[in-house]
Amino acid sequence: MAIRARTNPSFLSLLFLSLLAIASAKVFFEERFDDGWESRWVKSDWKKDENMIGEWNYTSGKWTGNPDIKGIQTSEDYRFYAISAEFPEFSNKDKTLVFQFAVKHEQKLDCGGGYMKLLSDGIDQKKFGGDTPYSIMFGPDICGYSTKKVHAILTHKETNHLIKKDVPCETDQLTHVYTFILKPDASYSILIDNVEKQSGSLYNDWDILPPKQIKDPEAKKPEDWDDKEFIPDPEDKKPEGYDDIPKELPDTDAKKPEDWDDEEDGEWTPPTIANPEYKGPWKAKKIKNPNYKGKWKAPLIDNPEFKDDPDVYVFPKLKYVGIELWQVKSGTLFSNVLLTDDSEYAKQLAEETWGKHKDAEKAAFDEEEKKREEEEAKEDPVDSDAEDNDDDADTDAEDDAAEDSDAESKDNAETKEDEKHDEL
């Protein structure tokens, strides 16, 4: 007898609605870097005259979970990089804006960016560079121990505003997906690898507009306000004889030197040592203050300088996506760039292009690291003979001379990197 499985009608309805929502998603720009990608992207001539513009490699990287997923990778050290792509101009007014891309730092990045920019109408792509105005700058930035964060910089009335919250970025050598979601109610979310890392409102987390409320400048702390959390215990009494305990005592183990002459050197007195019984000036122990009211804070009042802007989230003429970087060490790979109004579609794209392959990528990376360590062990054995040491000494001398000749150029390049982060 045949048995027919029964499908839950509510499940079918939910599935239908999900598929309908995805089908209705508006994709403003999607770049998977398949064949023909170069026709969609324009390499800038910025810094070309100075021979400081770096070349992009089209690759899936040294280790990958899927060799068919490719992107563009910085390939030269101490170089600037600038490239952009155009899409049909649009405004995000009354729409959710989702900006997402994947990035991998194969070079074990010490100092450099992995961020991207959205730009508005009116730019020359061949001149796109560090001074080109942008609307949104988003993505990871790493420099030394102090800078390991996700940038989320929004431009409003020609002023760049940095997010005030700290959003740590990933620092390993694997691919990670960064997503910025901006909604019409001025709320936002920042995701890394499809996991929300930060959220809030443009009103609170950027200084785009003056705050809605401020501390009352006329408010004064009441005279009877007690903000001392602890007070001396009035019941605690100083022990008798406490003040008679000396700070130091004569060292009973000290002996008068045999060559000491009282007539010439004066009367000998033994040196002193710290008295272990001495506890310093007496202080009553602390107890909780029963009248403690907490730290006084001025009450908040409406800010007379605040004027609401319901379009604070709007970027009316978005038209380009670009990458503009300075890198001391190259090797950053960008892939799967997306601009849409549907966060669910972005989530599914991340899962399809990253989530399904992340474990395989990690395994490939581990294998590559194992090979590298084995090669290094062969090249640098623990037991080396004297001849090798002599050769090393000669090589070191030659390297020192070469390093001296390169020092000035590298110092200048690193100075540019520091200036770059100061500008951000």
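Residues numbered from 1 in each chain as written. Predicted model: local features only at pLDDT ≥ 70, side-chain atom pairs only at ≥ 80, totals over all residues. Heavy atoms only, no water.

Turning next to the overall build of the protein chain. The helix and strand tally for the protein chain stands at six helices and 22 strands. Burial analysis of the protein chain (424 residues in total) assigns 38% to the buried set. Sequence-distant contacts in the protein chain: of pairs separated by 6 or more residues, those separated by 24 or more amount to 75%. By element, 48% of the accessible surface of the protein chain is carried by carbon and sulfur atoms, the whole surface being about 26,500 Å². (Helix = DSSP H or I, 4+ residues; strand = E, 2+ residues; numbered from the N terminus. Buried < 20%, exposed > 50% of the residue type's maximum accessible area, 1.4 Å probe, protein only. Contact = heavy atoms within 4.5 Å. Areas by Shrake-Rupley, 256 points an atom, 1.4 Å probe, with all protein chains shown as cover.)

What follows is about helix α4 (residues 343–355). Taken together, the buried positions of α4 are occupied by Tyr345, Ala346, Leu349, Ala350, Thr353, Trp354 and Gly355. Where α4 begins, the capping side chain belongs to Asp342, and its oxygen is found 2.8 Å from the backbone nitrogen of Glu344. (Polar contact = N/O pair within 3.5 Å; in protein donor to acceptor, adjacent residues only side chain to side chain.)

Below, the discussion takes up unusual backbone geometry. One non-glycine residue, Phe33, lies in positive phi territory at about 55°. Look at Phe33 and you get buried, because its relative accessible area is 1%.

The next thing to look at is the state of the cysteines. Under the criterion given, the structure shown has one disulfide. Between the sulfur of Cys111 and that of Cys143 lies a disulfide, 1.9 Å long from S to S. An S-S torsion of about -75° defines the bridge between Cys111 and Cys143 as left-handed. A residue pair is termed long-range when its members are at least 10 positions apart, and Cys111 in strand β7 (residues 111–113) and Cys143 in strand β9 (residues 136–143) qualify at 32 residues. Comparing Cys111 with Cys143, the two get one shared label, buried. (Disulfide = S-S within 2.5 Å.)

Turning our attention to a negative patch on the surface. Together, Glu258, Asp259, Glu263, Glu264 and Asp265 line one region of the surface with negative charge. Tracing the backbone shows Asp259 in the loop between β17 (248–250) and α3 (262–265). (Patch = residues over 30% accessible without salt bridge, like charges linked within 9 Å, V, L, I, M, F, W, Y side chains within 5 Å. Salt bridge = Lys/Arg side-chain N within 4 Å of Asp/Glu carboxyl O. Lys, Arg positive; Asp, Glu negative; His and termini not counted. Charge placed at Lys NZ, Arg CZ, Asp CG, Glu CD.)

Our focus in this paragraph is the environment of Asp265. Structurally, the position occupied by Asp265 is in helix α3. Classification of Asp265 by relative accessible area gives partly exposed; the value is 41%. Ignoring sequence-local partners within four residues, the contact set of Asp265 consists of Asp259 and Trp260.

Here the focus is the packing of aromatic side chains. All chains considered together, the criterion is met by 21 aromatic pairs. When the ring of Phe101 is compared with that of Phe334, the centres are 6.2 Å apart and the planes differ by 45°; the resulting orientation is tilted. Linking Phe101 in strand β6 (residues 97–105) with Phe334 in strand β22 (residues 332–340), this pair joins segments that are 233 residues apart in sequence. Considered together, Phe101 and Phe334 belong to a single accessibility category, that of buried residues. Each member of the aromatic cluster is reached from another via a ring pair, and the members are Trp56, Tyr81, Phe99, Phe101, Phe138, Tyr178, Phe180, Tyr188, Trp206 and Phe334. For the cation-ring pair, Lys47 lies above Phe80, with the distance from its terminal atom to the ring centre recorded as 4.7 Å. Over the ring of Tyr203 we find Lys212; its NZ or CZ atom is 4.5 Å from the centre of that ring. (Phe/Tyr/Trp six-rings, centres within 6.5 Å; stacked < 30°, edge-to-face > 60°. Lys NZ or Arg CZ within 6 Å of the ring centre and 35° of its normal.)

Helix length check: helix α5 (residues 358–379), at 22 residues, gives a terminal C-alpha distance of 31 Å against a target of 32 Å (1.5 Å per residue), a fit within 8%. For α5, the full list of buried residues reads Glu361, Phe365 and Glu369. What you see down the axis of α5 is that its buried residues fit within an arc of 75°, all on one side. Across α5 from its buried face, at more than 90 degrees, point the exposed residues Asp359 and Lys378. In this structure, the buried side of α5 is in contact with β6. (Expected span 1.5 Å × (residues − 1). Arc of directions from axis to C-beta.)

All right, on to the pattern of salt bridges then. Oppositely charged side chains are able to pair whenever their charged atoms sit close together. Enumeration over the complete set of coordinates arrives at 25 salt bridges. A salt bridge links Lys288 to Glu229; the shortest N-O distance between them is 3.1 Å. In this pair, Lys288 is assigned in strand β19 (residues 286–288) and Glu229 in the loop between β15 (213–215) and β16 (230–232), connecting sequence segments 59 residues apart. On the basis of relative accessible area, Glu229 is assigned to the partly exposed category, the value being 33%.

A few words on the environment of Ala284. Mapped onto the elements, Ala284 comes out in the loop between β18 (272–274) and β19. In this structure the C-alpha to C-alpha distance between Ala284 and Pro232, which are 52 residues apart in sequence, comes to 5.4 Å. Beyond its immediate stretch of four places on either side in the chain, Ala284 contacts Pro232, Asp233 and Asp236.

Below, the discussion takes up the side chain of Lys104. Residue placement: Lys104 occurs in strand β6. In terms of polar contacts, Lys104 uses its side chain to reach the backbone carbonyl oxygen of Trp63, at 2.6 Å. A polar atom in the side chain of Lys104 sits 3.0 Å from the side chain of Glu106. Excluding residues within four positions of it along the chain, Lys104 makes contact with Ser60, Gly61, Trp63, Gln173, Leu174, Thr175, Gly331, Thr332, Leu333 and Glu361.

With that out of the way, let us pick up the side chain of His176. Within the secondary structure layout, His176 lies in strand β12 (residues 176–182). A polar atom in the side chain of His176 sits 2.7 Å from the side chain of Asp172.

This part takes up the nonpolar core. In this structure, Phe138 and Val321 are the most contacted members of the largest nonpolar core, which totals 66 residues. When residues of this core are assigned to their parent elements, the largest contribution, seven residues, is made by strand β5 (residues 79–90). (Core = buried A, V, L, I, M, F, W, Y, C linked by side-chain atoms within 4.5 Å.)

Moving on, we come to the pairing of strand β21 (residues 318–327). With ten of its ten residues buried, β21 lies for the most part within the structure. Note that β5 and β21 share nine bridges and pair antiparallel. Bridge pairing links Ser84 to Gly322 in β21. The pairing of strand β8 (residues 116–120) with β21 spans four bridges and is antiparallel. Bridge pairing in β21 links Leu118 to Val321. (Pairing = 2+ DSSP bridges.)

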